[in-house]
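Residue strings, one per chain:
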2 protein chains.
Amino acid sequence: MAFDQIVTLMVKPGEGAAFEAAFAALATKVGASEPDTLDYRLFRVEGEADAYRVVESYASRDALAQHMKNPETREHMAALGPFLAGAPATSILTLCASAR
Amino acid sequence: MAFDQIVTLMVKPGEGAAFEAAFAALATKVGASEPDTLDYRLFRVEGEADAYRVVESYASRDALAQHMKNPETREHMAALGPFLAGAPATSILTLCASAR
């Protein structure tokens, strides 16, 4: 069963562009090394300065665990830390209905 | 260019099951009548009683406008109103990076 979550990240003012570049490098590695990571997108949020949402979907909870342990991405994940203004806030989701 | 948003809905306590059934009927109609609505999923949120997120993606802003005017879904949308404990909160998103 798919596992979905939305992570809210607050980035230090003025660090958005550098953060986005670092996240793009991570996303590329995720795409190349994690077949069970089905969706992994970073979004800016209109009207919320320095706020980002990561929409994530995994083939299973285990696929998320693999993602967190993936040696290909660990250094990229660590590289995001200095840009963050606080701890990520994660909303774990349960799918109820879908048009597709 | 795709248009993405996440809508947070708060449902009146005890109305979750009925709300989900009404939303499922809407989602079915959306899927059948809106080819440019690319993603339209309702989620419960772990640890947040009565809270829901709708993850939506449209082929364009115009596709969202079509969705809002779609005669096939208007009655279903109206049917959701009585379940809501307050106005929906919409986060309009701009894609920065993606693993896929």
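The numbering scheme is per chain: residues are counted from 1 as the chain's sequence reads. Both sets of labels track the order of writing: A upward for chains, 1 upward for ligands. Thresholds applied to this predicted model are a pLDDT of at least 70 for local features of residues and 80 or more for the giving and counting of side-chain atom pairs; totals over whole chains, interfaces and linings are not thresholded and use all residues. Calculated side-chain values reflect all of the structure's heavy atoms, with hydrogen atoms and water omitted.

Looking only at helices and strands, one finds three helices and four strands in chain A. Taken from N to C terminus, the helices and strands of chain A fall in the order β-α-β-β-α-α-β. The C-alpha atoms of chain A give a radius of gyration of 14 Å, which matches the 13 Å a tight globule of 100 residues would have. Taken along its principal axes, the extent of the C-alpha atoms in chain A is 40 × 30 × 20 Å. Put simply, DSSP marks the helices as runs of H or I at least four residues long and the strands as runs of E at least two long, and each gets a number from the N terminus on. In this setup the radius of gyration rests on C-alpha atoms only. A globule is expected at 2.2 Å times the number of residues raised to 0.38.

Across the contact, 35 residues belong to chain A and 35 residues belong to chain B. As used here, buried area is the combined drop in accessible area, with a 1.4 Å probe, of two parts when they are placed together. Contact between chain A and chain B buries roughly 2,800 Å² in total, counting both sides, with carbon and sulfur atoms accounting for 56%. The rule for a salt bridge is simple: a side-chain nitrogen of Lys or Arg has to be within 4 Å of a carboxyl oxygen of Asp or Glu. Our enumeration of links across chain A and chain B arrives at four salt bridges. The closest approach of N and O atoms between Asp 4 of chain A and Arg 41 of chain B, which form a salt bridge, is 3.5 Å. Contacts described as polar in this section are N or O atom pairs within 3.5 Å, which, within protein, must combine one atom able to donate a hydrogen with one able to accept it, while residues neighboring in sequence count only if both atoms come from side chains. Linking chain A with chain B are 18 residue pairs in polar contact (both at pLDDT 80 or more), by the criterion used here. Sorting the residues of the side of chain A that touches chain B by element identifies β1 (3–10), α1 (16–33), β2 (37–45), β3 (51–58) and β4 (89–98) of chain A as the ones contributing at least two each. Among the residues forming the side of chain A that touches chain B, the class breakdown is 19 nonpolar, five polar and 11 charged. When checking whether two residues touch, look at their non-hydrogen atoms; a contact exists if any pair is within 4.5 Å. Here the term charged refers only to Asp, Glu, Lys and Arg, the term nonpolar to Ala, Val, Leu, Ile, Met, Phe, Trp, Tyr, Cys and Pro, and the term polar to all other amino acids, Gly among them.

Moving on: the sheet that holds β1 of chain A. Pairing within the closed barrel is antiparallel, and its eight strands lie in the order β1(A)-β3(A)-β2(A)-β4(B)-β1(B)-β3(B)-β2(B)-β4(A). Across the sheet, the axes of successive neighbouring strands diverge by a mean angle of 35°, strand direction being ignored. In the sheet, β2 of chain A pairs with strand β4 (residues 89–98) of chain B via five bridges, with the strands oriented antiparallel. Note that in β4 of chain B the partner of Phe 43 of chain A across the bridge is Leu 95 of chain B. With axes taken as lines fitted to C-alpha atoms, and helix axes fitted only over the stretch in contact, angles between N-to-C directions fall between 0 and 180 degrees. Sitting on the sheet, α1 of chain A is in contact with β1, β2 and β3 of chain A together with β4 of chain B, with an inclination near 170° to β2 of chain A. Of the strands in this sheet, β4 of chain A together with β1 (3–10), β2 (37–45) and β3 (51–58) of chain B touch helix α1 (residues 16–33) of chain B, which is tilted by about 170° from β2 of chain B. DSSP-based pairing: two strands are paired if at least 2 bridges between them are found.

Under the local residue numbering, the UniProt record ascribes the feature "domain: ABM" (unreviewed entry) to residues 3–93 of chain A. Structurally, residues 3–93 of chain A is divided into 41% helix and 33% strand, and its ends, taken at the C-alpha atoms, are 7 Å apart. UniProt positions are given in the numbering used here, feature names are shortened, and annotations may be inferred rather than shown by experiment.

Bringing the relation of the copies chain A and chain B into the picture now. Its rotation angle being 180°, the transformation that places chain A on chain B also includes 0.0 Å of axial translation and leaves an RMSD of 0.0 Å. Here the transformation between the copies is reduced to the relation of a two-fold axis. Residues of chain A ranked by C-alpha distance from the rotation axis are headed by Val 55 of chain A, positioned 4.4 Å from it. Same-surface contact between copies: 100% of interface residues of chain A are shared with the interface of chain B. Superposing copies: least-squares fit, C-alpha atoms only, residues required to have pLDDT of at least 70 in both.

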